[in-house]
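So you can see what is in the structure, the chains are spelled out below.
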There are 2 protein chains.
Amino acid sequence: MNNNHVVIMAGGVGSRFWPLSTPEFPKQFIDILGCGRTLIQLTVDRFKGVCQMENFWVVTNAAYVEIVRQQLPEIPAAHILAEPAARNTAPCISWACWSIRKESPDANVVVTPADAVVMNPEEFRRVVQNALSFTADKEAIVTIGIKPSRPETGYGYVEAAETVSGEICKVTAFKEKPQREVAERYLAAGNYLWNAGIFVWNVNMITSSIRTYKPDIAENMDRMMASGDVQHIFPQCEKISIDFAVMEPAAADGKVYTHPADFGWSDLGNWASLYDKLQHDSEGNGVVGKVRLYECSNCVVHAEDAGKVVLQGLQDYIVSQKGDRLLVCKRSEEQRIKEFSAE
Amino acid sequence: MNNNHVVIMAGGVGSRFWPLSTPEFPKQFIDILGCGRTLIQLTVDRFKGVCQMENFWVVTNAAYVEIVRQQLPEIPAAHILAEPAARNTAPCISWACWSIRKESPDANVVVTPADAVVMNPEEFRRVVQNALSFTADKEAIVTIGIKPSRPETGYGYVEAAETVSGEICKVTAFKEKPQREVAERYLAAGNYLWNAGIFVWNVNMITSSIRTYKPDIAENMDRMMASGDVQHIFPQCEKISIDFAVMEPAAADGKVYTHPADFGWSDLGNWASLYDKLQHDSEGNGVVGKVRLYECSNCVVHAEDAGKVVLQGLQDYIVSQKGDRLLVCKRSEEQRIKEFSAE
């Protein structure tokens, strides 16, 4: 456990949950499930027993550093990495892994988003421990593959091949978000898994992979670590995802594996997925916060406990209240929330 | 004009406009029309040229004195009368008139609620001036009678008889809120007017009328003015409306008159009447505040300018937002708002 490090990617702006989530205070810092813990706090919680507090790392936007400190005071201040500009996940992960290697050259690393939820953390820990054991001394990347429960078109997939060790399989290909018919084929085939963006590797493997597949980023990281000049050098990195930068070429080289998993994962990417995760009352409403409902059904409602919200006669609506900001809209129209909230 | 005094009754709690109006900050102190002035400020404004600022009086609950001072700083502090307990309108008006008589024994007085609206203040002033001229030197009470535009069952009526002077008529009876069929008969008859609760009289006439019809209240007032002990004596007054206490017996004695009027009056007693007073957009929405509407129609919306409210897909709803309090309900259900907002 002392050698395990966890990198939490917490730079998202969460615009699809406006006004609950705003660019000033995005969803990873919100108690979106109404359980008393924010999404990033839940993310830390689920690694209990896997990683000690001084081995957590958070990569986030400079604007959110203070929020991270407040919500996760146990994480060393030097482990909160403030990106001067968003450069997608490859530079983000590179910075964290270069930093980890400096402290702990043999570290075993898990990278995770800050804003997903896991309903079965015990099973999550079992899967992650398996993956960490597998990658500790191998030239291997493991991406956790979620067993799909529906032909979802909003996620990328990994194509799994033969089992190589315990539950771990070889990955033969990464697949981008599919069309509906393709997603149905994946589901029927049985060997396609959702790419949850949770990666496991040892720090030498990932840093050398980045050097192999994205030498420019590796060179920027070397210079950045030597000079400490994050402000100027980090923004020079190519804006590219870790999937494109490393996963796909590494999979082609036979170095990527997946651990199929079923621990109640959701990326909580929209109101529909939040609605699915909430308990429903007898009328099918999923409610977080102090809200009174009269003759409402199949609504998803998020309000602050400090407030007082009364709703009557709403069917199939999203209601989101934060301070003096309010959204009421049909659940069928949630893809327009970005438009609704634009200044 | 120097002899004219205006008494504003501002003790209401306005529970039917929750959460816009709350017991801590009721509707008379709110810019309910979104015009930049609160209802009590608009009430003062409409007497411009009729009454000078030092002759205004406000009777209100002790809890609202500070709000009155802030909203009407020009009114003498000694003219803000803080009721230690609500005792309906007869004791309220008695206190104000006993106080006025002490300062100005020949005063001519207008009594008005704080929370009505008048769309044509110029016509309002003309009518009030007529009534003041009529009552200045007569044993007469004038109640302003609003020409009804619909068979309203939510207001009391006055029955007008022959004209006695200019536009002023004798009142033969007060009628309580009628049933629908009765209200329709009143409308058809043409000589029934809405009782707006706006009264005009000279101070000697009203104080002697109270002494005649409610000697107990008069005696309490005498003691209260002599001792200054409002806290103990005021709550001893009978809880009774000026209509029951004075208007009805005085009408039976032939001393009550009405000035029929048509100056766009509304008591703004509920969301339906606010909706009627607001300008409507092309979809029939009446909106106060910074609100974005998408596919909404026939809604009435009141939100704070400081907030940010987005509504989509609502037909025939009331939406009221104040701070972190929110009501969304069908317009047809507005009579349940008290129930909705109960603690």
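Preceding this paragraph is the structure being described.
The shown structure was predicted, so the numbers you read here are calculated from the model rather than taken from an experiment. Here the residue numbers are simple positions, counted from 1 along each chain's written sequence. Written order determines the labels here, with chains lettered from A and ligands numbered from 1. Local features in a predicted model are, by the rule used here, given only for residues with pLDDT of at least 70; side-chain atom pairs are given and counted only at 80 or more, and totals for whole chains, interfaces and linings are based on all residues. The side-chain values count all of the structure's non-hydrogen atoms but skip hydrogen atoms and water molecules.

## Side note on the relation of the copies chain A and chain B
In step 1: Superposing the copies works by least squares over the C-alpha atoms of residues that have pLDDT at least 70 in both of them. The two copies are related by a screw operation: chain A maps onto chain B through 180° of rotation and 0.1 Å of translation along the axis, at an RMSD of 0.1 Å. Look at the turn and shift together and you get a two-fold axis relating the two. For chain A, the residue whose C-alpha comes nearest the rotation axis is D324(A), separated from it by 2.7 Å.
In step 2: A high fraction, 100%, of the interface residues of chain A reappear at the interface in chain B, so the copies pair face to face through one surface. Contacts: residue pairs with any heavy atoms within 4.5 Å of one another.

## A word on the side chain of T112(A)
In step 1: Each helix is a run of H or I in the DSSP string that is no shorter than four residues. Each strand is a run of E no shorter than two, and both are numbered from the N terminus. Here T112(A) is to be found in strand β4 (residues 108-113).
In step 2: Once you skip the residues sitting within four places of it in the chain, T112(A) turns out to touch V6(A), V7(A), I8(A), M9(A), T43(A), F47(A), G197(A) and I198(A).

## Some details on the interface of chain A and chain B
Quite often, the size of an interface is put as the accessible area lost when its parts meet.
In step 1: Taken together, the contact between chain A and chain B spans 32 residues of the former and 32 residues of the latter.
In step 2: Taken over both partners, the interface formed by chain A and chain B buries close to 2500 Å², and the fraction arising from carbon and sulfur atoms is 49%.
In step 3: Each salt bridge in this description consists of a side-chain nitrogen of Lys or Arg and a carboxyl oxygen of Asp or Glu lying within 4 Å of one another. The interface formed by chain A and chain B includes two salt bridges.
In step 4: R336(B) is the salt-bridge partner of E295(A), the closest N and O atoms lying 2.9 Å from each other.
In step 5: For this analysis, a polar contact is any N or O atom pair within 3.5 Å, provided that within protein one partner can donate a hydrogen and the other can accept it, and provided that sequence-adjacent residues contribute only side-chain to side-chain pairs. In this structure, the connection of chain A to chain B is made through 22 residue pairs in polar contact (both at pLDDT 80 or more).
In step 6: When residues of the side of chain A that touches chain B are traced back to their parent elements, those giving at least two are β13 (291-294), β15 (308-312), β16 (317-322), β17 (325-330) and α11 (337-341) of chain A.
In step 7: The element best represented in the side of chain A that touches chain B is β17(A), accounting for six residues.
In step 8: The class makeup of the residues in the side of chain A that touches chain B is 15 nonpolar, six polar and 11 charged.
In step 9: Strand pairing is assigned whenever DSSP detects at least two bridges linking the two strands. Taken together, the four bridges between β17(A) and strand β15 (residues 308-312) of chain B define a ladder with parallel strand orientation. Bridge pairing in β15(B) links L327(A) to V310(B). What gets called buried area is simply the loss in accessible area from a 1.4 Å probe that two parts show on being joined, summed for both. Gly is put with the polar residues, along with every residue not named as nonpolar or charged; the nonpolar set is Ala, Val, Leu, Ile, Met, Phe, Trp, Tyr, Cys and Pro, and the charged set is Asp, Glu, Lys and Arg.

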